[in-house]
Amino acid sequence: MEVDQPEQHLQSQVQVKFVTRDPEISVSTAPILVPSNLKRFGLSQVVNHLRNCEKSIPFDFLVDGAYLRSTLDTYISKNGLSSESTLTLEYVRAAIPPKFLTSFQHDDWVSSVATSISTKSNREHVILSGSFDGIARVWSQGGQVLCEAAGHQSAIKSVKWIDGDSLVTSSMDRTMRIWRYTSESAVDASVKAIAEYVGHKSTVESLAVNIAVKRILSASADGNVGVWSSLPKESPAAPVMDLPTRIKKRKLAQTGPIVPQYGALGMLQGHTAPVSGVAFAPQDSTVAYSVSWDHTIKTWDLTTMSVVDTKTTQHPILSLCALKSLNLLACGSSARHIILHDPRVTAAGVSAATLKGHSNAVVALSANPTNEWEMASAGHDGTVKIWDVRASSSGSVLTINREGMDLAGNEKVFDVEWSSVGIVSGGEDKRVQINATPRE
């Protein structure tokens, strides 16, 4: 086996143990001696030799919560370890940069994106976008606008699919709308507003949907979390609200026909500043989480509509994502970092780990649907960053920049979703951008 070639008579060795969580690439965990001047490439050669496979795979190596970016010698020296120590190296498939696939041009800023969920077998996944022009659009993966949902009185802030045949939007006009989506072919689709939900007194910033229990959560700048049914017929009557008239600062579409209004199942009160993000607990649909500009992370019991736990952070929290398999919450902050939070009431502290790498506010987060350790973040620094939470002290693994003509390079990214289509993002450049999921 050929590896990095040392001076044979001078080269020291160190004992290492290779471990992995991927059974397809596992090797014996028995400690072995390797040259101490090996870096990632040489260690990859060793693991591939132990695998005894024709096709070599490039690997990255984690040690004590960080990627190994030096020789073993340097790592041992910097960390004050003995040369007699046995290093446990966790190896993972090395990811290549996510390839730019395409982008869809809008007339105004893109505030939110969502990829359609599993639908009829003859439908391909489509992309839903919400824009500051007040219109939600459904796009084919080829960039064709299949239909437009116009009706909000102001900019759209969040869009989500409820199921394959319906979607929900929220707006600066303080309302939410439920839309029926119909698609007969890859080029033939329509959308119709079937309900308007009212109850918030300010912008509805963010949404979360639980398909199984047919519930929607809303995060509002009024400091409240709304709990709604995704089925209008199961919703209570709408409260009397003074809703804003059309805002004319931007060109907005005609509102269309009047749709029936409904109210919330409940309003969760407790935050003292705008609520920026909401999420259902992945393992328990009766539990919800919210984050706010008031620096807090709250846990809610949706059965009693009451708060059961509040954790206070040092900075305003602007985004939220539940990491299902890890039982952690990722929380993006105004201070440019991401907190990995253990939501258990019995957890000793607020932060289980902190991810640093953005140079401006972190406003959106999305987990990799096929890798429990990875997630993407969108920042006002104009980038989408990809993280491996196993290596919290290493910074982001990869960075996605905005692509296209006539860009300054610092256009804010407002939203990101990691789906089967790829990493979909939207922002101040008035584009939905799709990058391929990084592959080893």
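Our structure is the block above this text.
Residues numbered from 1 in each chain as written. Predicted model: local features only at pLDDT ≥ 70, side-chain atom pairs only at ≥ 80, totals over all residues. Heavy atoms only, no water.

Draft legend 1. Looking closely at the overall build of the protein. Along the backbone of the protein there are two helices and 34 strands. For 440 residues, the compact-globule estimate of 2.2 N^0.38 gives 22 Å, and the C-alpha radius of gyration of the protein, at 24 Å, lies within 12% of that figure. Here the protein, with 440 residues, has 52% of them falling under the buried criterion. Averaging the positions of the 41 positive and the 43 negative side-chain charges in the protein gives two centres separated by 5 Å. (Helix = DSSP H or I, 4+ residues; strand = E, 2+ residues; numbered from the N terminus. Rg over C-alpha atoms; globule rule 2.2 N^0.38 Å. Buried < 20%, exposed > 50% of the residue type's maximum accessible area, 1.4 Å probe, protein only. Lys, Arg positive; Asp, Glu negative; His and termini not counted. Charge placed at Lys NZ, Arg CZ, Asp CG, Glu CD.)

Draft legend 2. Quick look at helix 1 (residues 40-51). Relative to the 16 Å expected for 12 residues at 1.5 Å per residue, helix 1 spans 16 Å between its end C-alpha atoms, a close match to the ideal helical length. Those residues of helix 1 lying buried are G42, L43, S44, V46, V47, N48 and R51. In this structure, the buried side of helix 1 is in contact with strand 1 (13-19), strand 2 (32-35), strand 3 (59-63), helix 2 (72-78) and strand 5 (86-93). Just beyond helix 1, the residue with positive phi is N52, at close to 60°. (Expected span 1.5 Å × (residues − 1). Contact = heavy atoms within 4.5 Å.)

Draft legend 3. Inspection of the packing of aromatic side chains at higher detail. The tally for this structure, following the rule as stated, stands at 10 aromatic pairs. Plain terms: the ring middles of F18 and Y91 are 6.4 Å apart, the flat faces sit at 80° to each other, and that makes the pair edge-to-face. Placement of F18 in strand 1 and of Y91 in strand 5 is noted, with a sequence separation of 73 residues between them. Residue class for F18 comes out buried when judged on its relative accessible area of 2%. Centre to centre, the rings of Y197 and W228 are 5.4 Å apart; their planes meet at 5°, and the pair counts as stacked. Within this pair, whereas Y197 is found in strand 14 (residues 188-197), its partner W228 is found in strand 17 (residues 224-229), the two being separated by 31 residues in sequence. (Phe/Tyr/Trp six-rings, centres within 6.5 Å; stacked < 30°, edge-to-face > 60°.)

Draft legend 4. How the structure looks around the environment of A264. Residue placement: A264 occurs in the loop between strand 18 (261-262) and strand 19 (266-269). In contact with A264, not counting residues within four places along its chain, are V198, V227, W228 and P236.

Draft legend 5. Up close: the sheet that holds strand 23 (residues 306-312). Ordered by their spatial adjacency, four strands build an open sheet running 20-21-22-23, and the pairing between neighbours is antiparallel. Whereas interior strands pair on both sides, the edge strands pair on one side only; in this sheet they are strand 20 (275-281) and strand 23. Strand-to-strand twist of the sheet, defined as the mean angle between neighbouring strand axes without regard to direction, takes the value 20°. Sheet topology places strand 20 next to strand 21 (residues 284-292); six bridges connect them, and they run antiparallel. Residue pairing across strands places V278 opposite S290, the latter belonging to strand 21. (Pairing = 2+ DSSP bridges. Axes fitted to C-alpha atoms, helices over the stretch in contact; angles between N-to-C directions.)

Draft legend 6. View of the sheet that holds strand 32 (residues 413-419). The four strands lie next to each other as 6-34-33-32, forming an open sheet whose pairing is antiparallel. Every other strand in the sheet has two partners, leaving strand 6 (100-105) and strand 32 as the edge strands with one partner each. Each strand axis lies, on average, 15° off the axis of its neighbour in the sheet, ignoring direction. When strand 6 meets strand 34 (residues 431-435), the two strands line up antiparallel, connected through five bridges. When the bridges of strand 34 are listed, F104 appears paired with V432.

Draft legend 7. Structural detail: the pairing of strand 5. One ladder, built from five bridges, connects strand 1 with strand 5; its direction is parallel. Within strand 5, the residue paired with Q15 across the bridge is T86. As paired elements, strand 3 and strand 5 share four bridges and run antiparallel to each other. By the bridge assignment, L62 is partnered in strand 5 with E90.

Draft legend 8. Structural context of the side chain of S166. By the element assignment, S166 lies in strand 12 (residues 166-171). On the basis of relative accessibility, which here comes to 4%, the residue S166 falls in the buried class. Within the structure, S166 has its side chain in polar contact with the side chain of D163 (distance 2.9 Å). Aside from chain neighbours lying at most four places away, what touches S166 is W161, W179, R180 and Y181. (Polar contact = N/O pair within 3.5 Å; in protein donor to acceptor, adjacent residues only side chain to side chain.)

Draft legend 9. Seen up close, the pairing of strand 25 (residues 328-333). Of all six residues that make up strand 25, six are buried, and the element is covered over most of its length. Neither face of strand 25 is exposed, since L328, A330 and G332 on one face and L329, C331 and S333 on the opposite face are all buried. Here strand 24 (residues 317-323) hands over to strand 25 after four residues, with N327 in that stretch at a positive phi of 55°. Linkage of strand 25 to strand 26 (residues 337-341), two consecutive antiparallel strands, is achieved through a turn of three residues, within which R336 is found at a positive phi near 80°.

Draft legend 10. Looking closely at the environment of N79. By the secondary structure assignment, N79 is in the loop between helix 2 and strand 5. Judged by its relative accessible area of 41%, N79 is partly exposed. Residues N79 and L320 lie 241 residues apart in sequence; the distance between their C-alpha atoms is 34 Å.

Draft legend 11. Summary view of the pattern of salt bridges. Tallying each qualifying case throughout the model produces 14 salt bridges. Here E90 ties to R390 by a salt bridge, and the two come within 3.6 Å at their closest N and O atoms. Placement of the pair is E90 in strand 5 and R390 in the loop between strand 30 (383-388) and strand 31 (398-401), with a sequence separation of 300 residues. Side by side, E90 and R390 carry an identical accessibility label, which is buried. Counted as one network, the salt bridges with shared partners bring together R21, E90, D388 and R390. (Salt bridge = Lys/Arg side-chain N within 4 Å of Asp/Glu carboxyl O.)

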